[in-house]
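Summary of structural features
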Amino acid sequence: MITLGIESTAHTLGIAVKDGDKIIHKFDTYQGSYIPRDLAEHKAKMFPILLKEFNMEFDLIAVSQGPGIWAPLSFGVSMANYLSSKYNIPAIGVNHGYAHIYIHEYLSKQKGELALYISGGNTSIVNLENLKIVGETLDIGIGNMFDKAARELGLKNAKELEDLALNHKNFIEAPYSVKGMHVNFGGLLTWFKNNIGKYPKEDLAYSLFHTSFSMLLETLARASFAFEKKNIIVCGGVAQSRILKQMLEKFSKFYNLNIITGPDEFNRDNAAMIAVTGEYLYNKGIRTEFPIKPRPYYRIDDLRYILT
Ligand code: FE2
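Residues numbered from 1 in each chain as written. Predicted model: local features only at pLDDT ≥ 70, side-chain atom pairs only at ≥ 80, totals over all residues. Heavy atoms only, no water.

When its domains are assigned, the chain resolves into domain 1 (2–99 + 267–307) and domain 2 (114–229). Centre-to-centre separation of domain 1 and domain 2, based on C-alpha positions: 28 Å. In this complex, domain 1 contributes 9 residues to the contact, which on the side of domain 2 involves 7 residues. Carbon and sulfur atoms make up 65% of the area that domain 1 and domain 2 hide from each other, which totals about 770 Å². It is Arg299, Ile300 and Arg304 that lose the most area in domain 1 upon contact with domain 2, and together they represent 51% of the buried surface on that side. At the boundary of domain 1 with domain 2, the tally comes to 1 salt bridge. Residue glutamate 136 is joined to arginine 299 by a salt bridge in which the shortest nitrogen-to-oxygen separation is 3.5 Å. Looking at the side of domain 1 that touches domain 2, the elements that each hand over two or more residues are helix 3 (96–108) and helix 10 (304–307). Examining the composition of the side of domain 1 that touches domain 2, we find that 3 residues originate from one element, helix 3, more than from any other. Considering only residue class, the side of domain 1 that touches domain 2 consists of 4 nonpolar, 2 polar and 3 charged. (Domains from an automatic or database assignment. Contact = heavy atoms within 4.5 Å. Buried area = accessible area lost by both parts, 1.4 Å probe. Salt bridge = Lys/Arg side-chain N within 4 Å of Asp/Glu carboxyl O. Helix = DSSP H or I, 4+ residues; strand = E, 2+ residues; numbered from the N terminus. Nonpolar A, V, L, I, M, F, W, Y, C, P; charged D, E, K, R; others polar.)

What follows is the structure in structure tokens.
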């Protein structure tokens, strides 16, 4: 079976082809801010350039159906609908968050029991037994907090903020807000903004990363005890963080947990995860009503009645 995957929920346009076990994927990431019209224009410009690199013989088209920003999302979904009708190939809509999780089960050949899904707009702990979100941010997403903090220092993004943080000398105590299995980041971001100029920016940046990841790991430990789960998938764009990887190593040894995660190319937004997950769902007999409609607020737990 050959599956075309399309990812177009936010900054990244990705196209992938999964042919049996072989996956080829290409992507292009828009570097500007989140202006919906600009994001959609970027997708429209890049789609023919990326698609040209693949031949057009597919058995299935899988597209990110949501969650995401309406303008780029509807562009990707429209392309899937168009290709599906033109070439008479079935198309399936894929939950972007579930794809972030499932790609790691596929690559590692291990079944996850809990997932920590962390990206720009998403910060959640998902019980994979019933696809219920058992913990999440009560305000902003962790990746958005890092991006906002980076811009306060005149940096481009969270990656540059982490480069700075890795040169820290001291840790500064910062607001730590955990409520059961939920977290808040608003106070921590305000603390960061209010302390610019008062401490070395490397120390501030490191303390922001370390504090927010500590909050997440506390909730993850609580969830793993409460639900008696040992196999934990860590996924999403923020799972690329080098500071988080160092902390996860200690965390997993301390609590004797099995952390399942993959290479960075499958943690950032990518179409390989859409092709892999779309094919998996299709082979399970799951179908999406045609034409596929974008679902900007499509939560992972909306899938629990379909998949569990
Ligand atoms: Fe994502």
